[in-house]
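# A look at the structure
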Amino acid sequence: MTGSKRPAFFAAFDDGGTVTPASNPQFAIAWDDTTNGAANRDIFRRTYGTDAAPVAPAPSLVIAAGEAGAQSVPGLAFDRVNDLFLTAWAHDDGAGIRDIRGVRLNESYTVLGAAFDLSTTANPAVDVPVAVAHSAGSQVWLVVWQDNQATDVIFARTVSAGGVVGAADITVSDAPAGSGENLTPTVAWDAANDQFLVLWSQFNAAATQSTIRGRFVSATGVALGASGFNVSAATAAVRLSPAITFNPVSQRYIAAWTEQATAASARADVFGRGIQS
């Protein structure tokens, strides 16, 4: 393939699900690419076996080709109950309209129907990866994104296996006193309690330090609790790019993030913490 490629933004594991026997487990990876033109960035994917060998078709399959404008920063997750993928991305039509869009694919990576809108927010970030997780218990995906408002806000939306989008955007991030922008969300599903946990980086109003915050979201699309909670320490440091996964054996989340003393620091470390479900 030619064109400008950015690193893969999201990978999902297809273990064969409950419909198709798990005889050929594989990973799906999605990224954006300018093969079809610099102003028409599109979403591509490719699958790899557990031995890291690429799986046909090669080299990749266009997911969002032909959509007007630029498609970028995709996320995807596998529904092992119905053997489906949901891929979601940020869309910029080049004329001042931005939104989050998505499409379902079957296990053979055939696109099911046209791409559809997932957001009603005004200005989704087109340079921050969209995060997606799936609830096998309720058979819904949760799509999470950063919206560039006066102080960036984290939103989410549910999508059913049939492609039905939740009635409204879910405001996940909060605004405690002295807080500023909310950035770089991520999400994981808790199989024990059938709920999601969304993490993000929340800066102070002066943008000199940030804390990793979290909030649970129900599988019905309700942000739980009156507000979020601190995952990292609230001491002076810049904390960014949280990642999260859920361990169904211990019934705990494991979160990790980068941390540096100040934004100008030459060195960043990786910190982590367990979170009880």
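All values reported here derive from a predicted model rather than from experimental measurement. All residue numbers refer to positions counted from 1 along the written sequence of the respective chain. Reporting of local features is limited, given that this is a predicted model, to residues whose pLDDT is at least 70; pairs of side-chain atoms are given and counted only at 80 or more, and all residues count toward the totals for whole chains, interfaces and linings. As a convention, hydrogens and water are excluded, and side-chain values are obtained from all of the structure's heavy atoms.

## As for the packing of aromatic side chains
Aromatic ring pairs: the centre-centre distance and the angle between the two ring planes describe each pair. Here the aromatic set is Phe, Tyr and Trp, taking the six-membered ring for Trp, and pairing holds for ring centres within 6.5 Å; pairs whose planes are under 30 degrees apart are stacked, those over 60 apart are edge-to-face, and all others are tilted. Summed over the entire model, instances satisfying the criterion amount to 6 aromatic pairs. Seen from their ring centres, Trp-31 and Phe-44 are 6.4 Å apart, and the 20 degrees between their planes marks the pair as stacked. With Trp-31 in strand β2 (residues 26-33) and Phe-44 in strand β3 (residues 42-49), the pair connects residues that are 13 residues apart, well separated along the chain. Phe-44 shares its class with Trp-31; the two are buried. Taken together, the ring pairs in this structure connect Phe-216, Phe-229, Phe-246 and Tyr-253 into an aromatic cluster. In DSSP terms, a helix is any run of H or I states spanning at least four residues, a strand is any run of E spanning at least two, and both are numbered starting from the N terminus. Residue burial is assigned from relative accessible area. The probe radius is 1.4 Å, only protein chains are included, and a residue is buried under 20% of its type maximum, exposed over 50%, and partly exposed in between.

## Side note on the sheet that holds strand β18 (residues 238-247)
Reading across from one edge, β18-β19-β20 is the order of the 3 strands in this open sheet, with antiparallel pairing throughout. For this open sheet the edge positions go to β18 and β20 (269-276), each flanked by a neighbour on one side alone. Neighbour to neighbour, the strand axes of the sheet diverge by 20 degrees on average, direction disregarded. Pairs of strands are assigned from DSSP output, requiring at least two bridges between the strands. The pairing of strand β19 (residues 252-260) with β20 spans 8 bridges and is antiparallel. Bridged to Arg-252 within β20 is Gln-276. The angle between two axes is taken between their N-to-C directions and runs from 0 to 180 degrees, where each axis is a line fitted to C-alpha atoms and a helix contributes only its stretch in contact.

## Comments concerning the environment of Ile-170
By secondary structure assignment, the location of Ile-170 is in strand β13 (residues 170-171). Residues Ile-170 and Val-222, 52 residues apart in the sequence, show an inter-C-alpha distance of 7.0 Å.

## Some words on the environment of Ala-207
Locating Ala-207 in the fold gives a position in the loop between β15 (195-204) and β16 (210-218). Take Ala-207: its relative accessible area is 48%, and that puts it in the partly exposed class. Along the primary structure Ala-207 and Val-238 are separated by 31 residues, whereas in three dimensions their C-alpha atoms are 9.0 Å apart.

## Details of unusual backbone geometry
In this structure, Val-73 takes a positive phi of about 40 degrees despite not being glycine. Structurally, Val-73 is set in strand β6 (residues 70-79). You will see that Thr-184, though not glycine, has its phi angle at about 45 degrees, which is positive. As for its placement among the helices and strands, Thr-184 is situated in strand β14 (residues 179-190).

## Regarding the sheet that holds β15
Taken in spatial order, the 4 strands make up an open sheet running β14-β15-β16-β17, and their pairing is antiparallel. Single-partner strands in this sheet number two, and they are β14 and β17 (229-230).

## Points about the confidence of the model for the protein
The pLDDT value tells you how sure the predictor is about a given residue, anywhere from 0 up to 100. Mean pLDDT over the protein works out to 85, with 88% of the residues at or above the 70 mark. Counted against residues more than four places away or in other chains, residues 16-23, with its pLDDT under 50, gives 17 contacts. In what follows, residue pairs with any heavy atoms lying within 4.5 Å of each other are defined as contacts.

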